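Structural overview for review
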Amino acid sequence: MALQLLAHFDVREDVLPSLPAQPETTAGGGGADVLETTYESLRVLNIERNGNIIYTYKDNKGNAVFGLYDCQARQNEHLYTFEKDMQAISCSVNSARTVLAASFIQYTKEGVRNELHPGSKCLTLLVEIHPVNNVKVLKAVDSCIWVQFLYPHAESHRLQNHLLLISEEKYIERFHIQMTREDGNRVIRNSSHLPRDRIVEDFVWAQWDMSEQRLYYIELKKSESILKCIQFWADESFDLMFEMPLDISLSDLGFKLVNFGYDYRQDQEKFRSQPSLCIFTNHTGSLCVCYSPKIESWKEITYSVFYLHKGYRKTFTAAAGSADSHVTEGITFLNLGYFVAVYLPGHFLHLLNTHHPDLICHSLFLTGSNKMAAVLPLSPLQSLPGSLILDWHSGKVYRATLDQSYLMSFLWNARLDCEKMAALHCVLSCGRDPGFPEGQILQWISEQASACHSFDLIQEFLTASSYWSVYPELADVDMLLPYSSVLTWDTEIPGITLVKEELPLPLLKVYNLKGYWAKLSSKLEYIKYTKPHLHYHNSVVRREWHNLLSEEKTGKRRSTMYVRNILDSAVKVISNMEKRILEPRLLPLLQEEDRHQRLLMGLMVSELRDHLLRHLQGVEKKKVEQLVLDYISKLLDLVWCMLETAWRKHSVHPWLFHLNDRGSAADFEVFHLMTRILDATNSLCFPLPPGFHSLHTILGVHCLPLYNLLHYIDNGVLLLTETAVTRLMKDLDNSEKNEKLKFSVIVRLPPLIGQKIFRLWDHPMSSNIISRNHVARLLRGYKKEVNLCEAQTPRNCMIDKSSFPVEFLPLNYFIEILTGLESSNQALSDLEGRDNVDAEFVEEAALKHTTVLLGL
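Within every chain, residues take consecutive numbers counted from 1 along the sequence as written. Two thresholds apply to this predicted model, a pLDDT of at least 70 for residue-level local features and 80 or more for giving and counting side-chain atom pairs, whereas whole-chain, interface and lining totals are computed over all residues. Derived side-chain values reflect all non-hydrogen atoms in the structure, with water molecules and hydrogen atoms excluded from consideration.

**As for the pairing of strand β2 (residues 43–47)**
- Within β2, five of the five residues are buried, leaving the element largely enclosed by the surrounding structure.
- With four bridges joining them, β2 and strand β3 (residues 53–58) adopt antiparallel strand pairing. Note on β3: the bridge partner recorded for Arg 43 is Thr 56.
- Following DSSP output, two strands are said to pair if at least two bridges run between them. A run of H or I in DSSP becomes a helix once it reaches four residues, and a run of E becomes a strand once it reaches two; helices and strands are each numbered from the N terminus. As consecutive antiparallel partners, β2 and β3 are separated by five residues, and within that stretch Gly 51 has a phi angle of approximately 90°, a positive value. Burial here depends on accessible area, computed with a 1.4 Å probe over protein chains only, as a share of the maximum for the residue type. Under 20% is buried, over 50% is exposed, and the range in between is partly exposed.

Now the structure itself:
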């Protein structure tokens, strides 16, 4: 299954062995009966903000005992024993572990009301437990009460505690418990009269977020459900943060509490068919309301997610399974951080992407056909902050994570593009987790590069992986960097239908926000005012890069300082990338100059840095610059690693195969992958590691017939770099076939590279081209001298214009002219002389060329 449950706490293993030994009451195994009774009564009551777990059990005398399990120290602590046989329904302890609040149902085993407060059904007590001093009755009513201490954001030594009392009569009160010191101990001051205020009235549903100290609740006003949220602050104050109407029906819900403890009295059959509602948040600023209405038919299951941070609601309808399948449990919502899991045991699991929920293809829907099994417990589960899951019946707490091994196996076997897309994003979101299978992903990408038809797999991998590589460093970039290369998705997801509705945005009622609320406010402002979205794209980089390349071809030059700054930025990227490489690589990339790719790298650094600085207010410039370097370095490294994976798989070394040999099927697979990478990066205008084009071209020469090779060159797929052509000239002999190849390549070379390459090929054709270039250069200088002679007297000219007729000269006279020009331009003669190119060289080349033409 896509979820993996890691044991975090087990009341039987972590608590039961530490309980005091019970004396045997009768001979012949009475102690075992007592132990079994103790285990059956052992139940988890509450989990506090610091992770401490409160539990209760009955001792051998039937007394109610309360204990605490410290999850950090992995130790148990006895809190208090009530010497009465009462059924505890709720319990909470303050952060100092000096005061305990608990509520009980007052029934004995015989069903007779307890004598502690005989006129009431539910008793709520406040107890000083360190030191054991007194017990105060807070409530004695016929409706159930739940209790919860407020915890400050940091451990404090304040002498005041605050306790929430949640009543089945649909109100919530806050008690102020003032502490004082007596004999070095903290005791309750004036316990007979505790100040209190009623903070909520007439609610039908409430949820407690112990980690962030937030209270969500819903009021019904004129049959309209109004969601509200109260934030309790570290200074003991609280604010109503927002209120939001929700189009949901709660008339069948009755009274429901979430995260205040489990109601052991509720009918499980009734629970399965009741509406389900819970709220999940994430530190990134997401706010989701998950809702499943009352189940009328088990053939189709409907559930909704209100993405309040996005301003819309999505309602999903999924088939429960085959016609003869039987649904025994209701829907369970689980918070997994960047995902919300919607789980119907044995039927389907829907991993909803709450971080970027716009496209349904980024959420993974698994059904029984994907070997779904009821791996989660069938008893009621409660999703807790930190991806924790509490099984109330067994008393076990799990930490839920995405199962990377399962997802990788699913990727290899997935047939639908939507499944591959969603599973890929699920795996990449685990990039910082231990055991992240990056090598397996690279292998899958290398082998499946052409397997998707709805999207480009390489583009998606580069975009998403680069995003996740920097996102944990600065969460605000989620609105500024592209998360996916796919902008729209119209293909249906088999087994599920979707309806999307726009929602009004929540209106935050508090200003000067910090932490989570500041991030939520930023998201809401972004949705409200930003059209179009601010995601970075390379359109400006593409245009400027093409301009620079065009200017280089035409001889135009930008400011030297401008180009130097761009190239310096590229050097920083390569240096940053080299620091990431811990092991030697098979492919010797980054060693080549590749000016074009360095220009693209530098331009992307400049544009991305300006984009982030423009929209990230209050973030250090140095931090943004480093993030940009990391982002682009990751892009380049991903391309390099994809190539490494492919080369190692086929056991081919890029510099060992001989160009005279025919390429193998493995060589062609690698060439095809490089071509796909090139196409993907060109579409996104992403840079490539320097040396990529040389390797690609060499492999193309090795694998392709001449016609196809020239077609690839002429269409810009293969670039004739100096490194690649140099190896071509040196490795290939001068057979007729290779001469044709070399000449076809030479005539396509850019002038700057061509001037260097011609001198590497010891062939009459190369000599002919060198001679032509030399003559053309000399004659351009000769034309200038002739123009100068027209304005001067003949004696000031080295050559008289009248002595040079228009017709083509005999070779001997032509060489005489070239010799004169060389002597008149000593600088040019010195330059050409270093390469042994002069009039004599031209004469020899001309004679050889004539001999060839005449067949002599």
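**Quick word on helix α11 (residues 595–615)**
- To estimate how far a helix should reach, multiply one less than its number of residues by 1.5 Å. Over its 21 residues, α11 runs 31 Å from end to end, which matches the ideal 30 Å to within 8%, given 1.5 Å per residue.
- Of the positions making up α11, those classed as buried are Gln 597, Arg 598, Leu 599, Leu 600, Met 601, Gly 602, Leu 603, Met 604, Val 605, Leu 608, His 611 and Leu 612.
- Should any heavy atoms of two residues lie within 4.5 Å, those residues are counted as being in contact. Looking at the buried residues of α11, the elements they touch are α9 (539–554), α10 (560–580), α12 (621–649) and α14 (692–703).

**What about the confidence of the model for the protein chain?**
- Summary of the metric used: pLDDT quantifies the predictor's per-residue confidence within the range 0 to 100. Confidence in the prediction of the protein chain, expressed as mean pLDDT, is 82, and 79% of residues score 70 or more.
- Note that pLDDT drops below 50 for residues 108–114; the model gives that stretch 14 contacts with residues more than four away or on any other chain.
- Between residues 827–834, whose pLDDT stays under 50, and residues either more than four places distant or in other chains, the model counts seven contacts.

**A closer look at the pairing of strand β21 (residues 287–292)**
- Most of β21 is tucked away, with six of its six residues classed as buried.
- Going residue by residue along β21, you find Leu 287, Val 289 and Tyr 291 tucked away on one face and Cys 288, Cys 290 and Ser 292 tucked away on the opposite face as well.
- Here six bridges tie strand β20 (residues 276–281) to β21, and the two strands are oriented antiparallel to one another. Residue pairing for β21: Ile 279 is matched across the bridge by Val 289.
- Connecting the antiparallel pair β20 and β21 is a turn made up of five residues, with Gly 285 showing a positive phi of about 105°.
- Bridge analysis of β21 against strand β22 (residues 300–307) gives four bridges, and the strand direction is antiparallel. From the neighbouring strand, Cys 288 faces β22, where its bridge partner is Tyr 307.

**Remarks on the sheet that holds strand β24 (residues 332–335)**
- Within the open sheet, the four strands sit side by side as β24-β25-β26-β27. Their pairing is antiparallel. Looking along the sheet, the strands with just one partner apiece sit at the ends: β24 and β27 (364–367). On average, each strand axis in the sheet is tilted by 15° relative to the strand beside it, whichever way the strands run.
- Where β24 meets strand β25 (residues 339–344), four bridges bridge the pair, whose relative direction is antiparallel. Following the sheet pairing, Thr 332 is matched in β25 by Tyr 343.
- Relative to β27, helix α5 (residues 417–428) is tilted by about 110°, and along the sheet it contacts β25, β26 (348–353) and β27. The axes are straight lines fitted to the C-alpha atoms, using for helices just the contacting stretch, and the angles between their N-to-C directions are given from 0 to 180°.

**Notes on the sheet that holds strand β23 (residues 312–319)**
- Ordered in space as β20-β21-β22-β23-β31, the five strands form an open sheet in which the pairing is antiparallel. Among the strands making up the open sheet, the edge pair consists of β20 and β31 (496–502). Along the sheet, successive strands turn relative to each other by an average axial angle of 15°, direction set aside.

**A closer look at the packing of helix α7 (residues 457–470) against helix α13 (residues 665–684)**
- The interhelical angle for the contact between α7 and α13, taken along N-to-C directions, is 60°, at an axis separation of 9 Å. Looking at the two axes, α7 sits oblique to α13. The element α7 and its partner α13 pack so that their crossing is right-handed. Here Ile 458, Gln 459, Leu 462 and Thr 463 of α7 come into contact with α13, specifically with Leu 673, Arg 676, Ile 677, Asp 679, Ala 680, Thr 681, Ser 683 and Leu 684.
- For this scheme, ten residues count as nonpolar: Ala, Val, Leu, Ile, Met, Phe, Trp, Tyr, Cys and Pro. Four count as charged, namely Asp, Glu, Lys and Arg, and the remainder, Gly too, count as polar. Looking at the contact of α7 with α13 residue by residue, the class counts come to six nonpolar, four polar and two charged. Here the angle decides the label: under 35 degrees means roughly parallel, over 145 means roughly antiparallel, 65 to 115 means roughly perpendicular, and every other value means oblique. Should the near helix be turned counterclockwise from the far one by less than a right angle, the crossing is left-handed, whereas a clockwise turn marks it as right-handed.

**Looking at the pattern of salt bridges**
- A side-chain nitrogen of Lys or Arg and a carboxyl oxygen of Asp or Glu constitute a salt bridge if their distance falls within 4 Å. Here the structure, examined in full by the defined rule, presents 23 salt bridges.
- Among the salt bridges present, the one from Arg 313 reaches Asp 247, with a minimum N-O distance of 4.0 Å. With Arg 313 in strand β23 and Asp 247 in the loop between β18 (238–246) and β19 (256–258), this pair connects stretches of sequence that are 66 residues apart.
- Residue Asp 247 is classed as exposed on the basis of its relative accessible area of 59%.

**Focus on the packing of α10 against α12**
- Closest axis-to-axis distance for the α10/α12 pair is 9 Å, and the angle between their directions is 65°. In this view, α10 runs roughly perpendicular relative to α12, as classed from their interaxial angle. α10 and α12 meet at a crossing whose hand is right-handed. Contacts between α10 and α12 involve Lys 572, Val 573, Asn 576, Met 577 and Arg 580 from the first element and Gln 626, Leu 629, Asp 630, Ile 632, Ser 633, Lys 634, Leu 636, Asp 637 and Trp 640 from the second.
- Here the contact of α10 with α12 is built from residues that sort into six nonpolar, three polar and five charged.

**A word on the packing of aromatic side chains**
- Pairing of aromatic rings covers Phe, Tyr and the six-membered ring of Trp, with a centre-to-centre limit of 6.5 Å; geometry is then stacked below 30 degrees between planes, edge-to-face above 60, and tilted otherwise. Considering all chains together, one arrives at 27 aromatic pairs under this definition.
- Seen in terms of ring centroids, Phe 348 and Phe 365 are 5.6 Å apart; in terms of plane orientation they differ by 35°. Their pairing is tilted. Placement of Phe 348 in strand β26 and of Phe 365 in strand β27 is noted, with a sequence separation of 17 residues between them.
- Geometrically, the ring pair formed by Tyr 467 and Tyr 471 is stacked, given 5.5 Å between the ring centres and 15° between the ring planes.
- Cluster of aromatic residues (ring-pair linked, three or more members): Tyr 338, Tyr 467, Trp 468, Tyr 471 and Tyr 483.
- Our definition puts a charge over a ring when NZ of Lys or CZ of Arg is within 6 Å of the ring centre and also within 35 degrees of the ring normal. Stacked on the ring of Tyr 171, the Lys or Arg Arg 198 has its end atom at 3.8 Å from the ring centre.
- Here the basic side chain of Arg 214 rests over the ring of Tyr 516, its NZ or CZ set 4.2 Å away from the ring centre.

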